[in-house]
Each structure stands twice: as structure tokens, then as C-alpha cells.
Amino acid sequence: MATVTARSTTEISASPRAAAGPGAHPTDPDRGLSAAEAASRLASHGPNELARERGVSPWRILGRQFTSPIVLLMLGATVLSGVLGEAADAIAIAAIVVLNALVGFFQEYRAERAVAALRSMTAPRARVVRDGQQLVVPASTIVPGDVLVLEAGDIVAADARLVVAHALAANEAPLTGESMPVDKSTASVANPAIVAERTDHVFMGTSITNGTARAIVAATGMRTELGRIATLLESAEDTATPLQRRLAQVSLTLIVASLAIVVVVAVTGLVRGRALFDVFLSGVALAVAAVPEGLPAIVTIALALGVRRMAQRNALVRKLPAVETLGATTVICTDKTGTLTTGVMTVRELWGPDPERLLDAAAACCDAELDGNTGDPTELAILAEAARHGIDRHTIERERPRVEVTPFEPERKRMSIARADGVLYVKGAVEVIVERCTSGTDGALAAATELARRGLRVLAVATGQGRAEQDLALVGLLGIADPPRSEAIAAVEAARSAGIHTVMITGDHPETARVIARELGIIGEGEDVHDRVHARAAPEDKLRIVRAWKSRDAIVAMTGDGVNDAPALREAHVGIAMGKTGTEVTREVSDVVLADDNFASIIAAVREGRAIFENIRKALVYLLAGNVAELAVMLVSSLAGMPLPLLPLQLLWINLVSDGLPALALVMDKPEADVMQKPPRPVAEPILRATEWRTILFAGAIETAVTLGVYAWSLQHRSLDEARALAFGVLVTSELLRAFAARSATRVFWQVGAFTNLVLLGVIAVSFGAQLVILHVPALRELFSLGALSVREVVAALGLALIPVTTLEVAKLVRQLR
């Protein structure tokens, strides 16, 4: 018969770690609280709910979109344009600002509902005993001292201490990360102890996988373990991504430089006696020339392309900046179960003289149902392995129906099933089974020790006659574990080659963690596990580990599936949740969700992230070289006392169409073949290094010289509008052609592959066609304040526009020859 364990009411007390109220709740497990006492305690302790996270108003989210330096500069240009009566310029700039703000707003408006998701994990209703009667009540009304009635399939409504337990097991993976159900009993556990070791308690948000129980509530609401994690979650901070920080630095540099230039031009103009209106117009034009208006859209689209590519690799991105941040990752802190391993318990070793007989006896001592995948994971593993050897549980039940079952109890550490063939089938802990065996035990203990050393959970299987669990014959041993994913081994090696440290954090036993880490290649034979493997990790430990790596200037990605992972996921630079096995909580705080729960998908996403950053860098170099040329043309002509060669609307056209569209096409370049053979970018490395700035200044200087030369000559021989048309045409065309050189800093365009980016070819063709339309349609010429050009002048402008791109490509060839 089954054994029931119980504890008297005098032993029942709240856990020192979980309880917030009085130290003891002397409740009668058979009668429970009275209705009046429950109402009084509800008024005193409050509802059994998790606190709502403080939300951010939509207006505040919208306001954030207008705080970046580059947006503030664009807003200033909008105001100046409006004051000067340049309505077309003001409307165009304002439209860009509003569009960028809306994109950012809708990204952030997907508010973080982490604590709300935590609340959804709690049981909406629960069974309690009050006034001697079992009642079903809303979980929010449960109070300390209530008696919970639990059975398989229930979600536990509060933290509670067991007083009666019958073959009880609970799935605590959401709280602990432990891959195996935890056997529970009423036997007291000395405090303090981590959640995974507190086998005399059940916890809010966990589920009962087997057995029945009664438990007296020790803590409710925010005083539970789940509530403690909710508090940690609120303390964890969102971290600005490397790309956000670097773009902010570039924006600040642009603002300082452009304001300085505007001041110089304004003072020079006023000293020379220029009209105030002309000085203001020059200021607006310079501000427009300084700002790469297309940059926010280009970054957003580049990241969106990364989202699409990562989705094809089973990594679903929830927050756009995470695309690039993954590429900068230097440390991946990863959960073990289901990410590095299959997440399914498997029989990995059989020890005994007759493997077929061993599996038959083990399957005959199981209660799980393989067809519905229900029951204890260990038994499901046994039945799956038996099925692979042609042993069918249904055949066993039909031919040898069970006569009596003695379920597993933590105190007994074994279970047995007597069947109609007169055989008693027994399985359980090795030391318990072996001491009841009279044969077959030679070498068993040594074999069990070796299997355990390799991180396997070891079960012994024996048979006997009758129904007494004595004078048994040992059939053999089963080594069971959650095996590593085969693709994860290759992925860990790929991460190592890319200079990325893989750190395994798990709630499992330290020996199991070390064995899996060695199989995966996270640590080598003889290597110290320090900093690479963390076992029995509590939520605070995971948060501490992430913060420790961040303090070393690492860019940290953190994976997880349970509630206990949520604070660390939020704290990490990139939080990665499991899509198949993860909780709603982890998905809500994450930046990326893995559709296949596979570590290999993370490494594939890192590759895409690295490529996206390089593409954003080349697009930024291309844009800023154009902006330097525009600024220099405007500054030099203004200081020389010449009329403005380019008006604000013309500069907007250059920035948005002639520069912006090719830059968009540049971010579509495919990843380079060796992108994962390079180390991660240094944390302190700016988005634009000295190499990029030299390219920007060199390209800008060439375009400035060609454009100013054409403009100065034209002023001597043509009208002002015609001179502007020539300067406008040369600058636009030279920037379009320079896009071919921008695809690589070291290789010329035919080495990159002229037809590997067909979008770029199409964009340049369309932009060039649009430029010809502006120069030849009278209404558009008038809108842009341009004079008419002959076909001969257009061809001459095209020839002059070839000078910058030719110079850049020849310079690359010279460097290659050196």
C-alpha cells in the first residue's frame, strides 16, 4: 500500500525565507481556517497578487523620440526654415522628424508586461480547506495559514509548507531551472536553503506533476519566491545598446561641428555687412547640410533587414537594436536545459548482462504514458528507450496486468509493481535497491559511481517473487540524462572561433553541469570551470553573474526559459528567451525569442548581427562623406563671399534621395565570408574609427574640390541659377557613383562583385533618372531654383562626377599593390 507522510500542527511554521508575517500558522490541516479568520488575514496581508509594474505613459514614450541630438538639430533647422518663410524646407524636415519619431514610438509602445506575465503564471483559482470543508476560491483570496489541497496538474497558488504528501513531485523549472521534477515530502529541511533544496515546500507558479498533498500557506503575493523575482525584475535595468551609444557619440560630434561652422559663417557674414536674412538662410542651409537626415531611417531599415534574416534562422527579434547588439556580443550566458541540451530525458547508458531484459523490467515498473507524453520524465525516457528495442508497454499491460502498485516515495526512494506473472518489478535509488538484492550485484556499486561521475542519474532495476521488496535479483542499471544537442557542440566551437565566451548557468547539480559543459566543449579536460559553469544558480546568482561580466566591459547575451531567468534577461545587453519551452515572462522581458530553443540559432544570429553593423558602418561613412562635401562647399563659398551654391531644399534632396537611397541599398550587402573568424569589436571602439574618418575626409575633399571648381567657373560664365544647376548636378552624380566605392574599404567594386547587390544598381539608376527629370522639367526646376542645362553640360557634369569615385578606387589599388 502507498505510504502517506504527515506532520503535526505543532511542527508547521512559515519558512524564514518566504514568510513575511508571523513566524507560525498553527492551522489544523483537517479543518483549515475559519471564514472569519481568512477574511481577517486577507485584510491584514492583502490579496495574493503580484504588484503591478509601474507603467510608462504613451506621451512619455513619444517624448523620448525627440531627445536625441540629431533629432534636436533637425528640429532647430525646421524652426529656422519656418521663420525664414522657407515652407517647403520646413515641411520636408518636419516630416522626416515625425516619421522617425513614429517608428521609435511604436517600437517602445510594446510596453514591457513582465510582471503582468508573472501574474498570469499564478493559479486563478485554488482548492483550500476552510471550516472543515474543501472549497474552490479565487487564488487572490488565499492568505497565510490557508490549507491548500493539491494534486497532479495543479498550479500552486502560493508558497506553502507540506503537512501531508502522497508520492508528491513538482515541476519547479520556472523557478530553479532544474530539469527534473522535484520529489517532495514533509521532512523538514534546515534553513537557509535554496529553492531547489527546499523539498518540504511548494511554491507559487510551479506545477504538481505527480501525487497529492496538503500544504499550509507560508507566504502570499510579493512575499513569495515568485514575488521576490518580480522585485528583482524591477531592479534590473535596461541597458543602452552599443549601437545606440555610438550613434549618440557621432550625433554629438556632428552637432558640435555644425554649430561651430554656423557660428563662424554667421559672424563672418555679419562682419562683411551681409543682410540678416541672408545670414539666417546660410545658417539653415548649413544645418541641413550637416545633418544626415536619412540616418535614422537607414539604421531602422538595416535593423529590420536583420530581423528578417534572423527570423529565417529561427531567432525572432522583438526589439530592433538587439540585432546589432548580438553582433557585438562577447559573452553568451546560456541556460543548459533545452538550449544546450535537448530538454528531453534520455536513457544514455545500460549496465547489466541482458539489456533487453533490463529494459523490459524497467518498462514493467512504469506508470507514465508514452502515447500522451504524460507522467514522470524519467519513466518517459525508460519507455522511449524500451520502445526503440521493440518493447511495448501496452503489450506488457495486456499480457502481464498489474496486481498491486506501491508508488515512489522520497522516503523509500523506490517504487514497485506486482504483475499477474507473479513477478515484482522494482526500480529506485541504487543503494536502496542493491541492499535488498541477493544476486546480480557484483560490480553494481562501482558502475553506479562511474555513471554518476559522468553526470547521469542512475536507477537500479530488480525483480522478485511475490509482493515483498526483499530477496530481489538485480537486473541492471540505467543511466539517464538530458543529452547535449549535436548542433550545440558545433555552435559552441563556432562561438569560440569568433572570440565569444560561452558561460553555462543552470539550476542542475554541479557534477551534471560539469559533464555537459565538457561534452559541449565549453570547458576542456583539466580546465577550470570558474567563470564558465555555474550550477544550482538562483535568480540573484544569474543577475549577479550578468552584472559581473558587464562590469568587465563585456557585451552580454543571456538566454533563459524560466521565471528565474527573467531578471538576468532584462539586465543583459541582449535577453534571449526560449520560444518553445519558455514562459511568457521571459518572452516579455526578452529582446530575442528563439523559435527552436537552439543555441546554434544564437550563433547564426550573431553572424547576422555582425554583418548588419558593418553595413551600417559603411552606410554611415558614405553618408558623412557626402555631408562633409556639402558642408565644405557651403562653408568655403560663404567665406569666399560667393552666393550660396546650394539652397536648403536642394540639400534636402541630396541627403534624402541621392545619399539616403544608395545608403539604404548598402545595408543590404550580404555578410562577408570571414565575419565569424574575426574577434568581437572592442567595447570602446567607436562606430567610426580613424580609418573611417580618413575615408570620409578624403572622399569629401575630392567632391568639394570638383563641385566648387564647377561652381566658381559657372559663376563667371552663366547665371546664378544655371551655376547652381551645374554644381547641384555634379555633386548629386558624384555621390551616386561613389556608392560603388563605398561597398568596401579595401576592395575595388569588381572585386566585391558588381552584380551581388542588384538593389544598389537599381537605386542608382532610379536616382540618376530622377535627377535628370528635375533638371529638365520646368516646374521642378522652378521649385528647386535651378537654371536650364543643355545636353552637353549634363554630359560634362557626368564626366566631372567620375573624378571622385575613380580617385577612391585607384587609391585602393595602390594600397593593394603596396
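This text follows the structure it describes.
This structure is a prediction, so every number in the text was calculated from the model and none was measured.

Caption draft 1: Just the overall build of the chain, in detail. Helices and strands together make up the secondary structure of the chain, namely 29 helices and 22 strands. Counting all 818 residues of the chain, 55% fall into the buried class. A separation of at least 24 residues holds for 73% of the contacts in the chain among residues at least 6 apart in sequence.

Caption draft 2: Inspection of the nonpolar core at higher detail. If you look at the biggest cluster of nonpolar residues, it comprises 103 residues, and the most contacted ones within it are Ile576 and Phe599. When residues no more than four places from it in sequence are discounted, the contact partners of Ile576 are Leu326, Ala557, Met558, Thr559, Gly560, Leu569, Ser590, Val592, Leu594 and Ile602.

Caption draft 3: Highlighting the sheet that holds strand E19 (residues 533-534). Read across the open sheet, the seven strands follow the order E9-E22-E21-E20-E10-E18-E19; overall the sheet is mixed. A strand with exactly one partner marks an edge of an open sheet, and here the two such strands are strand E9 (315-317) and E19. In this structure, strand E10 (residues 331-335) lies alongside strand E18 (residues 501-505), joined through five bridges in parallel fashion. For Thr334, the partnering residue across the bridge sits in E18 and is Met504. Along the sheet face, helix H19 (residues 539-551) touches E10, E18, E19 and strand E20 (556-560) and points at about 165° away from the line of E20.

Caption draft 4: Region of interest: the environment of Leu459. Along the chain, Leu459 falls in strand E16 (residues 457-465). In sequence terms Leu459 and Ala448 are 11 residues apart; their C-alpha atoms lie 8.5 Å from each other. Dropping the residues within four chain positions of it, Leu459 is found in contact with Thr378, Ile382, Lys427, Gly428, Val430, Gly476, Leu477, Leu478 and Ile480.

Caption draft 5: Quick peek at the pattern of salt bridges. Overall, the coordinates contain 39 salt bridges when judged by the stated rule. A salt bridge links Arg127 to Asp154; the nearest nitrogen and oxygen atoms lie 2.8 Å apart. Highlighted residues: Arg127 in strand E2 (residues 125-130) and Asp154 in the loop between strand E4 (147-151) and strand E5 (159-171), separated in sequence by 27 residues. The class of Arg127 is partly exposed, set by a relative accessible area of 24%. Asp154 gets classed as buried once you look at its relative accessible area, which sits at 17%. A salt bridge links Glu349 to Arg454; the nearest nitrogen and oxygen atoms lie 2.4 Å apart.

Caption draft 6: Quick peek at the packing of helix H24 (residues 690-717) against helix H29 (residues 791-817). Taken N-terminus to C-terminus, the directions of H24 and H29 make an angle of 155°; their axes are 9 Å apart at the nearest point. Classified by the angle their axes make, H24 and H29 are roughly antiparallel. Of the two elements, H24 crosses H29, and the hand of that crossing is right-handed. Counted together, Phe698, Ala699, Ile702, Glu703, Val706 and Val710 of H24 and Leu800, Ile803, Pro804, Thr807, Leu808 and Ala811 of H29 form the full contact between these two elements. Residues of the contact of H24 with H29, tallied by class, amount to 10 nonpolar, one polar and one charged.

Caption draft 7: Main features of the packing of H24 against helix H25 (residues 720-741). At a minimum axis separation of 8 Å, H24 and H25 run at an interaxial angle of 160°. Put simply, H24 runs roughly antiparallel to H25. Crossing hand, H24 versus H25: right-handed. Contacts from Ala699, Glu703, Val706, Thr707, Val710, Tyr711, Ser714 and Leu715 in H24 reach Leu720, Ala723, Arg724, Leu726, Ala727, Val730, Leu731, Ser734, Glu735 and Arg738 in H25. Here the residues of the contact of H24 with H25 are counted per class, giving 11 nonpolar, three polar and four charged.

Caption draft 8: Region of the structure containing the packing of aromatic side chains. With the rule as written, the count across this model stands at four aromatic pairs. Measuring from centroid to centroid gives 6.3 Å for Phe728 and Phe784, while their planes differ by 25°, and the two rings are stacked. Here Phe728 is found in helix H25, whereas its partner Phe784 is found in the loop between helix H28 (778-783) and H29, with 56 residues between them in sequence. Here Phe728 falls in the buried class, since its relative accessible area comes to 0%. In textbook terms, an aromatic cluster arises when at least three aromatic residues are bridged by ring pairs, as seen for Trp653, Phe728 and Phe784. Lying over the aromatic face of Phe613, Arg681 brings its terminal NZ or CZ to 3.4 Å of the ring centre.

Caption draft 9: How the structure looks around unusual backbone geometry. Even without a glycine there, the phi angle at Asp471 is positive, about 50°. Along the polypeptide, Asp471 turns up in the loop between E16 and strand E17 (472-481). Residue class for Asp471 comes out exposed when judged on its relative accessible area of 59%.

Caption draft 10: Geometry of the pairing of strand E21 (residues 574-578). The element E21 is largely enclosed, with a buried count of five among its five residues. Alternating positions in E21 separate into two faces, Val574, Ile576 and Met578 on one and Gly575 and Ala577 on the other, with burial throughout. Alignment of E20 against E21, held across four bridges, turns out to be parallel. Its bridge partner being in E21, Thr559 is matched across the sheet by Ile576. The β-α-β motif built from E20, the intervening helix H20 (residues 566-571) and the parallel element E21 has right-handed crossover chirality. Pairing geometry for E21 and strand E22 (residues 592-594), over three bridges, is parallel. Opposite Ile576, over in E22, you have Val592 as the bridge partner.

Parameters at a glance
For every chain, the first residue of its written sequence is number 1, and the numbers climb from 1 along that sequence. In keeping with the predicted nature of the model, local features appear solely for residues at pLDDT of at least 70, side-chain atom pairs appear and are counted solely at 80 or more, and the whole-chain, interface and lining totals rest on all residues. For side-chain calculations, the full set of non-hydrogen atoms in the structure is used, while hydrogens and water are omitted. Helix numbering and strand numbering both begin at the N terminus, where a helix is a DSSP run of H or I of at least 4 residues and a strand a DSSP run of E of at least 2. The rule is simple: take the accessible area with a 1.4 Å probe, protein chains only, and divide by the maximum for that residue type; under 20% is buried, over 50% is exposed, in between is partly exposed. In this description, contact between two residues means that some pair of their heavy atoms is separated by no more than 4.5 Å. Residues enter a nonpolar core if they are buried and are Ala, Val, Leu, Ile, Met, Phe, Trp, Tyr or Cys, with the set joined through side-chain atoms within 4.5 Å. The pairing criterion is simple: DSSP has to find at least two bridges between the two strands. Here, axes are lines fitted to C-alpha atoms. For helices the fit covers the stretch in contact, and angles between N-to-C directions go from 0 to 180 degrees. Basic side-chain nitrogens of Lys or Arg form a salt bridge, by our definition, when they fall within 4 Å of a carboxyl oxygen of Asp or Glu. An angle counts as roughly parallel when it lies under 35 degrees, as roughly antiparallel when it exceeds 145, as roughly perpendicular when it falls between 65 and 115, and as oblique in every other case. If you view the pair so one helix is near and one far, a crossing is left-handed when the near helix is turned anticlockwise from the far one by less than a right angle, and right-handed when it is turned clockwise. Polarity classes work like this: nonpolar for Ala, Val, Leu, Ile, Met, Phe, Trp, Tyr, Cys and Pro, charged for Asp, Glu, Lys and Arg, and polar for all others, with Gly in that last group. Pairing of aromatic rings covers Phe, Tyr and Trp, the last counted by its six-membered ring, and requires centre-to-centre distances within 6.5 Å; plane angles under 30 degrees mean stacked, over 60 mean edge-to-face, and any other angle means tilted. Definition used: whenever NZ (Lys) or CZ (Arg) falls within 6 Å of the ring centre and also within 35 degrees of the ring normal, the charge is taken to sit over that ring. Looking down the strands as they point away from you, a crossover is right-handed if its path from the first strand over the helix to the second goes clockwise.

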